[in-house]
Amino acid sequence: MITTHPFDDDKLREECGLFGIYGHPDAAAHTALGLHALQHRGQEAAGIVTTDGVHFHSHHSMGQVGDNFASEAVINRLRGRLAIGHVRYSTTGETILRNVQPLYADFEFGGFAIGHNGNLTNALTLRKELVAKGCLFQSTTDTEIINHLMAMAHGDVVDRLTEALHEVEGAYSLVGVARDKIIGVRDPLGVRPLVLGRLEGAHIVTSETCALDIIGAQFLREVEPGELVVLDAAGIHSFHPFPKMRQRFCIFELIYFARPDSIVEGTAVYQARKRIGAELARESHCPADVVVPVPDSGVPAAIGYAAEAKVPFELGIIRNHYVGRTFIEPTDHIRHLGVRLKHNANISSLKGKRVVMVDDSIVRGTTSKKIVEMVRRAGATEVHMRISSPPTTHSCFYGIDTPERQKLLAYQYDVAGMAKFIGVDSLAFVSIDGLYRAMGLPGRDPRAPRFCDACFTGDYPTPLTDSAEGGAPTQLSLLETA
Ligand code: SF4
């Protein structure tokens, strides 16, 4: 067996999802359910750490949540009313169990486990400094740097975590568990999401609201950029220990990463995607008979596009949801079929039609090319591709798995060249201003952009101390990101 992504190698991937709960008798079971709802944020490994106030209990495993945390034996062993959990997708190298989070460490004040969504852009520098001071690293994740910085800091767990985070650059949303509290933190730019919820007197901190929905919890509010929240016996405590900065939430969360049924940044993700589709239609519609989404991620934008363009929406491509991410090593012939294992053309809605195909992004272009071929073979007379994001011209250094910049199709070609590569009659992307308009803003203010949009603009909101702009994040050769 191999664990790989042979049939979906053309999507950016979110790398982590977080869940933490304070004060529930079924803390572990609720955490497992929360992680299940966040499975789209990372499918390769999952972990849960709980505490009963005296001892810590943990279970980490490779694979998906449902395969590893559904058993009563596992959940019963994870005792206690406090729990945190993490799902991850690793970016480079072998995915190994010692990198699976939450990462636990013993401190003078007691045990503490931490889970991280994001990527520290000065991780390599910090790691070298820490190793020079004698720190022994157990994992190759950038997250462990926070543990070592905490060990050298002073005060209680909150003081130490705060002191450690003053050293790091980049993007992080974190959940942590100590014996008597759950901690949630969002970096000062607020690049990755983090929300608060409540269930029967228990308090929750998690990446997306869909993880609250699955356990019937109430959404309270977002953790603010730069805010540290402590959930304990007295409720929720809020701290703002970092200098205030202009928010730069990852706009790709709204385009693709977050689940469409989530609310992030005060925005219903599904509605935002429909609005982007409508903008796209206003900017670049061409005569067509049907609007067809590339499922599943292209569906909301295609609905918005079709409504705006007044062209029938059709499911012209059907996705097989039962293609696992783990697949028996195929022969070359089977591997070549790749895209057809996941997508199939629905001839009845394509034959003889001028098709507008809507997708959320083009990364390498390999999957798009195969889907276009499939749609043409099904009898489409014209294929026009419309993309609900601007061209992805730059790599992400903030926790999204992106190929080296040189491998991005939009880095290699202009739009006409990309259209030729994927074999369409026309290709258009939503403009960066159109994207901002869909978010309710007049357009992108280049002096003060509201979002991180660096993979479209190259305008990175933090220093890239250890990352090579124009290439892959250099630390990824040594470190795995969370
Ligand atoms: Fe999101 Fe792109 Fe910024 Fe990465 S570079 S955080 S994917 S907007």
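Note that this is a predicted model, so its numbers are computed, not measured.

A short note on the pairing of strand 19 (residues 290–293)
Then, in step 1: Burial along strand 19 is two-sided: Val 290 and Val 292 facing one way and Val 291 and Pro 293 facing the other are all buried.
Then, in step 2: Here strand 19 runs beside strand 23 (residues 354–359); their pairing, made up of four bridges, is parallel. From the neighbouring strand, Pro 293 faces strand 23, where its bridge partner is Val 358.

With respect to the packing of aromatic side chains
Describing an aromatic ring pair means giving the distance of the ring centres and the angle of the ring planes.
Then, in step 1: Summed over the entire model, instances satisfying the criterion amount to 10 aromatic pairs.
Then, in step 2: Ring geometry for Tyr 436 and Phe 451: centres 5.5 Å apart, planes at 70 degrees, overall edge-to-face. You can see Tyr 436 sitting in helix 15 (residues 432–438) and its partner Phe 451 sitting in strand 27 (residues 451–452), a full 15 residues away along the chain. Take Tyr 436 and Phe 451: they sit in the same class, and that class is buried.
Then, in step 3: An aromatic cluster of three or more residues is present, and its members are Phe 252, Tyr 256, Phe 257 and Phe 456.
Then, in step 4: Over the ring of Phe 137 we find Arg 127, and its NZ or CZ is 4.3 Å from the ring centre.
Then, in step 5: Between the NZ or CZ atom of Arg 450 and the centre of the ring of Phe 451, over which it lies, the distance is 4.8 Å.

Some details on the site of the ligand
Then, in step 1: Looking at the ligand, there are 13 residues lining it, with Arg 192, Cys 250, Cys 396, Cys 452 and Cys 455 nearest.
Then, in step 2: For the shell around the ligand, the secondary-structure elements that each account for two or more residues are helix 8 (251–257) and helix 16 (454–457).
Then, in step 3: For the shell around the ligand, the element with the highest residue contribution is helix 8, accounting for three residues.
Then, in step 4: The residue inventory of the shell around the ligand, partitioned by class, reads 11 nonpolar, no polar and two charged.

Structural notes on the pairing of strand 8 (residues 110–120)
Then, in step 1: Taken across its 11 residues, strand 8 has 11 buried, putting it largely inside the fold.
Then, in step 2: Across five bridges, the pairing between strand 7 (residues 103–107) and strand 8 is antiparallel. Counterpart to Leu 103 in the pairing with strand 8 is Ile 114.
Then, in step 3: Here strand 7 folds back onto strand 8 in antiparallel fashion, the turn holding two residues.

Let's talk about the confidence of the model for the protein chain
Then, in step 1: The pLDDT averaged across the protein chain works out to 91; a share of 89% of its residues lies at or above 70.
Then, in step 2: A low-confidence stretch, residues 1–8 stays under pLDDT 50, and its non-local contacts, those more than four residues away or across chains, total 22 contacts.
Then, in step 3: Scored below 50 in pLDDT, residues 325–329 shows 14 contacts in the model against residues more than four places distant or in partner chains.

As for helix 6 (residues 157–165)
Then, in step 1: By the criterion of burial, helix 6 is predominantly enclosed, with seven of the nine residues buried.
Then, in step 2: All of the buried residues in helix 6 are Val 157, Val 158, Arg 160, Leu 161, Thr 162, Ala 164 and Leu 165.
Then, in step 3: Those residues of helix 6 that are buried are in contact with strand 8, helix 5 (143–152), strand 9 (170–178), strand 10 (181–186) and strand 14 (228–232).
Then, in step 4: The N-capping residue of helix 6, defined by a side-chain oxygen 3.1 Å from the backbone nitrogen of Val 158, is Asp 156.

What about the sheet that holds strand 9?
Strands in a sheet are paired, the pairing made by backbone hydrogen bonds, and the direction either parallel or antiparallel.
Then, in step 1: One open sheet holds the six strands; their spatial order is 7-8-9-10-14-15, and the pairing between them is antiparallel. Strands at the two margins of the open sheet, each flanked by one partner only, are strand 7 and strand 15 (235–239). Looking at each pair of strands side by side, their axes are set apart by 20 degrees on average, direction ignored.
Then, in step 2: Packed on one face of the sheet, helix 6 meets strand 8, strand 9, strand 10 and strand 14 and runs near 20 degrees to strand 10.

Observations concerning the packing of helix 4 (residues 123–132) against helix 5
Then, in step 1: Where helix 4 contacts helix 5, the two axes come as close as 10 Å, and the packing angle between them is 45 degrees. Comparing the axis directions of helix 4 and helix 5 gives the class oblique. Considering only the axes of helix 4 and helix 5, their crossing is left-handed. Mapping the contact onto sequence places Ala 123, Leu 126, Arg 127 and Leu 130 in helix 4 and Ile 145, His 148, Leu 149 and Met 152 in helix 5.
Then, in step 2: Taken together, the residues of the contact of helix 4 with helix 5 break down into six nonpolar, one polar and one charged.

What to know about the pattern of salt bridges
Then, in step 1: Under the criterion given, the structure shown has 20 salt bridges.
Then, in step 2: Here Arg 41 makes a salt bridge to Glu 208, at a shortest N to O gap of 2.6 Å. With Arg 41 in the loop between helix 1 (27–37) and strand 4 (45–51) and Glu 208 in the loop between strand 12 (202–206) and helix 7 (210–213), this residue pair connects regions lying 167 residues apart in the sequence.
Then, in step 3: The exposure class of Glu 208 is buried, given its relative accessible area of 0%.
Then, in step 4: Arg 437 is the salt-bridge partner of Glu 283, the closest N and O atoms lying 3.0 Å from each other. In this pair, Glu 283 is assigned in helix 9 (residues 269–284) and Arg 437 in helix 15, connecting sequence segments 154 residues apart.
Then, in step 5: Residue class for Glu 283 comes out partly exposed when judged on its relative accessible area of 31%.

What counts, and at which threshold
- Residues numbered from 1 in each chain as written.
- Predicted model: local features only at pLDDT ≥ 70, side-chain atom pairs only at ≥ 80, totals over all residues.
- Heavy atoms only, no water.
- Buried < 20%, exposed > 50% of the residue type's maximum accessible area, 1.4 Å probe, protein only.
- Helix = DSSP H or I, 4+ residues; strand = E, 2+ residues; numbered from the N terminus.
- Pairing = 2+ DSSP bridges.
- Phe/Tyr/Trp six-rings, centres within 6.5 Å; stacked < 30°, edge-to-face > 60°.
- Lys NZ or Arg CZ within 6 Å of the ring centre and 35° of its normal.
- Near = heavy atom within 4 Å.
- Nonpolar A, V, L, I, M, F, W, Y, C, P; charged D, E, K, R; others polar.
- pLDDT = per-residue confidence, 0-100.
- Contact = heavy atoms within 4.5 Å.
- Polar contact = N/O pair within 3.5 Å; in protein donor to acceptor, adjacent residues only side chain to side chain.
- Axes fitted to C-alpha atoms, helices over the stretch in contact; angles between N-to-C directions.
- Parallel < 35°, antiparallel > 145°, perpendicular 65-115°, else oblique.
- Left-handed = near helix turned anticlockwise from the far one by under 90°.
- Salt bridge = Lys/Arg side-chain N within 4 Å of Asp/Glu carboxyl O.

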